[in-house]
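# Overview (structure and organization)
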Amino acid sequence: MNGLFVITGGPGTGKSTLIESLRKEGFPCFNEVSREIIAKSHQVGSDLLPWQNLQAFANECYLRMQEQLQLAHDAELCFFDRAIPDIIAYLQFGGITPSKELYKTGRSYAKLVFVAPPWEDIFVNDAERPQTFEQCQQLHNLLLATYVELGYQIAMIPKTSVEERKFFVMNTVIDFYFKQHTPKSKVWTTK
């Protein structure tokens, strides 16, 4: 089983909070590398920011996401806060054509992706997330299109409490796993 599940969505949709809740349940989880890069860039005064140098920022995200994939290679089950297909969507949003390598590597995760939809009630801007809610909606649409183009099934995360979202993810993973591993029933006929 490829148990490398992605949780994605536009900025400010509750992904990181959900990932933290799954981590507290004992699931291996990978943090969103883009927020880490942005926070570090602010700290050291670097221009490695998506709104200043999108291509260089995307390249750094890609390197770190590849490292995450290598670390998770043998995991039976883990969750990623964003993944390589997100880079494709963000580059498109910025008017840059993504490389073929991104499309190839972007197919490395479990074929079911969890998407947190835009949710104005919980949307908040901060230093690592300066986008408007309208931009969040645009990014949401690009993320959906990218994941579908790469052959992923979409599981839309409901706009509910963190606990309910966590149980939705866990139950959906179980359903997905059993559908992938349940043998097709044989049809027996008599002559």
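Remember, predicted model here, so these are calculated numbers, not experimental data.

### With respect to the overall build of the protein
Of the regular secondary structure elements, the protein holds seven helices and five strands. Listed N to C, the secondary structure of the protein is β-α-β-α-α-β-α-α-β-α-β-α in terms of helices and strands. Against the compact-globule benchmark of 16 Å for 191 residues, the protein has a radius of gyration of 18 Å, which places it among compact chains. Projected onto its principal axes, the C-alpha positions of the protein cover 75 × 40 × 30 Å. Here the protein holds 191 residues, and the buried ones make up 45% of them. At a minimum sequence separation of 6, the contacts of the protein that also span at least 24 residues come to 73%. As displayed, the protein has an accessible area near 10,400 Å², and 53% of this comes from carbon and sulfur atoms.

### Remarks on unusual backbone geometry
Only a minority of non-glycine residues have a phi that is not negative, and only a minority of peptide bonds are not trans. Although it is not a glycine, Arg82 sits at a positive phi angle of roughly 75°. Inspection of the secondary structure puts Arg82 in the loop between β3 (78-81) and α4 (84-93).

### Focus on helix α2 (residues 33-44)
The end-to-end C-alpha separation of α2 is 17 Å, in line with the 16 Å expected for twelve residues at 1.5 Å each. For α2, the elements touching its buried residues are α3 (54-72). Backbone geometry just downstream of α2 places Gly45 in the positive-phi region, at approximately 75°.

### Some details on the packing of α2 against α3
Between α2 and α3, the least distance of the axes is 9 Å, while the angle of their chain directions is 130°. The orientation of α2 relative to α3 falls into the category oblique. Note that α2 runs across α3; the crossing there is right-handed. Mapping the contact onto sequence places Val33, Ser34, Glu36, Ile37 and Ile38 in α2 and Phe57, Glu60, Cys61, Arg64, Met65 and Gln68 in α3. Taken together, the residues that form the contact of α2 with α3 break down as six nonpolar, two polar and three charged.

### Examining α4
Here α4 lies mainly inside the structure; eight of its ten residues are buried. Along α4, the residues classified as buried are Ile84, Pro85, Asp86, Ile87, Ile88, Ala89, Tyr90 and Leu91. Buried residues belonging to α4 abut β1 (4-9), α3, α5 (100-105) and α6 (133-149). Two residues or fewer past α4, Gly95 is found with a positive phi of approximately 80°.

Rules and cut-offs
- Residues numbered from 1 in each chain as written.
- Predicted model: local features only at pLDDT ≥ 70, side-chain atom pairs only at ≥ 80, totals over all residues.
- Heavy atoms only, no water.
- Helix = DSSP H or I, 4+ residues; strand = E, 2+ residues; numbered from the N terminus.
- Rg over C-alpha atoms; globule rule 2.2 N^0.38 Å.
- Buried < 20%, exposed > 50% of the residue type's maximum accessible area, 1.4 Å probe, protein only.
- Contact = heavy atoms within 4.5 Å.
- Areas by Shrake-Rupley, 256 points an atom, 1.4 Å probe, with all protein chains shown as cover.
- Expected span 1.5 Å × (residues − 1).
- Axes fitted to C-alpha atoms, helices over the stretch in contact; angles between N-to-C directions.
- Parallel < 35°, antiparallel > 145°, perpendicular 65-115°, else oblique.
- Left-handed = near helix turned anticlockwise from the far one by under 90°.
- Nonpolar A, V, L, I, M, F, W, Y, C, P; charged D, E, K, R; others polar.

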